[in-house]
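Listed below are the residues making up each chain.
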Amino acid sequence: LSASDSLSNYYTDGSLNPFVSAGWTGQCTWYVYGRIQEKGVTTYNYLKNKFNKEGKQIFMGDAKKWYDDAKYVGFEVNKTPKANAIAVYTAKNHVAFVESVEGSSTIKVTESNLNPKIGSKVVVTTNLNLREAASTSSNIVWMMPQFTIMEVINGSKFVSGYYWWPLSGNGYSGWAQRGGSNKLGWYYTRIVLDPSTPALGTPNWYIHLPTSN
């Protein structure tokens, strides 16, 4: 999967990624839950039968709880980076997927739920209007469907209580407000689909899922 591709059904199908039906599209957990399936590391059918100490399905809570979930069900958790591991930032409540390890410790990851920046890709978390200008009264250029991937082409503007970013992609360009009333608190979030150095630095832990399940 590269930044120019569409998201696979592991991210968009709520029967394979419960974060979709729960309204958490765009979160780091939504992305990693889909990526571990897309890479063939595990399956939803396997994970749905694993429960944490609270009796709930593992990896369905906040990112900072994934460490406890993994330890509870007996998955290997340590500070040794390996490809296909889940990187956990407990204090920062974030998870990422380790795509590769260079040398003894330099990792490259893909991840989601980061602040937009110029040149980065964002994923639209719900149907959202792309407008000609940074205003709710501006003409609508296109209603971007949920899961649309766009590129941030310039800096943001703060207008009428909302942050607006200029987005381009799929043959359209315009402005979209980032703030919203959905569970995420915004309508799109930066998504890193091309392996790169982690935005948050060195993870606290690595979760290594069983290779056969």
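Note that the structure is a prediction, hence the values are computed from the model and not measured.

### Considerations on the pairing of strand β10 (residues 162-169)
Of the strand pairs in this sheet, strand β8 (residues 149-152) and β10 are connected by two bridges, and their pairing is antiparallel. Directly across from valine 152, in β10, lies its bridge partner leucine 167. With three bridges joining them, strand β9 (residues 157-159) and β10 adopt antiparallel strand pairing. Residue pairing for β10: valine 159 is matched across the bridge by tyrosine 162. From the end of β9 to the start of β10, which pair antiparallel, there are two residues, and serine 160 there has a positive phi angle of about 55 degrees.

### Focus: the nonpolar core
Core analysis: the largest hydrophobic core is formed by 33 residues, its most contacted members being Leu7, Trp30, Phe59, Trp66, Ile86 and Ile207. The greatest single-element share of this core, amounting to six residues, is contributed by helix α3 (residues 28-38). With sequence-adjacent residues up to four places away left out, tryptophan 30 is seen in contact with Leu7, Tyr11, Asn17, Phe19, Val20, Trp24, Thr25, Ser112, Val123, Phe147 and Ile191.

### Section: the side chain of serine 138
As for its placement among the helices and strands, serine 138 is situated in the loop between β6 (128-131) and β7 (140-144). Beyond its immediate sequence surroundings of up to four residues, serine 138 is in contact with Arg131, Glu132 and Ala133.

### Here we look at the environment of serine 168
By secondary structure assignment, the location of serine 168 is in strand β10. Serine 168 sits 154 residues away from glycine 14 along the chain, and the two C-alpha atoms are 27 Å apart. In contact with serine 168, other than residues within four places in its own chain, are Met150, Glu151, Ile153 and Ser173. There is a polar contact of 3.0 Å between the side chain of serine 168 and the side chain of serine 173.

Cut-offs and rules
- Residues numbered from 1 in each chain as written.
- Predicted model: local features only at pLDDT ≥ 70, side-chain atom pairs only at ≥ 80, totals over all residues.
- Heavy atoms only, no water.
- Pairing = 2+ DSSP bridges.
- Helix = DSSP H or I, 4+ residues; strand = E, 2+ residues; numbered from the N terminus.
- Core = buried A, V, L, I, M, F, W, Y, C linked by side-chain atoms within 4.5 Å.
- Buried < 20%, exposed > 50% of the residue type's maximum accessible area, 1.4 Å probe, protein only.
- Contact = heavy atoms within 4.5 Å.
- Polar contact = N/O pair within 3.5 Å; in protein donor to acceptor, adjacent residues only side chain to side chain.

Purely geometric numbers; function is a separate question.
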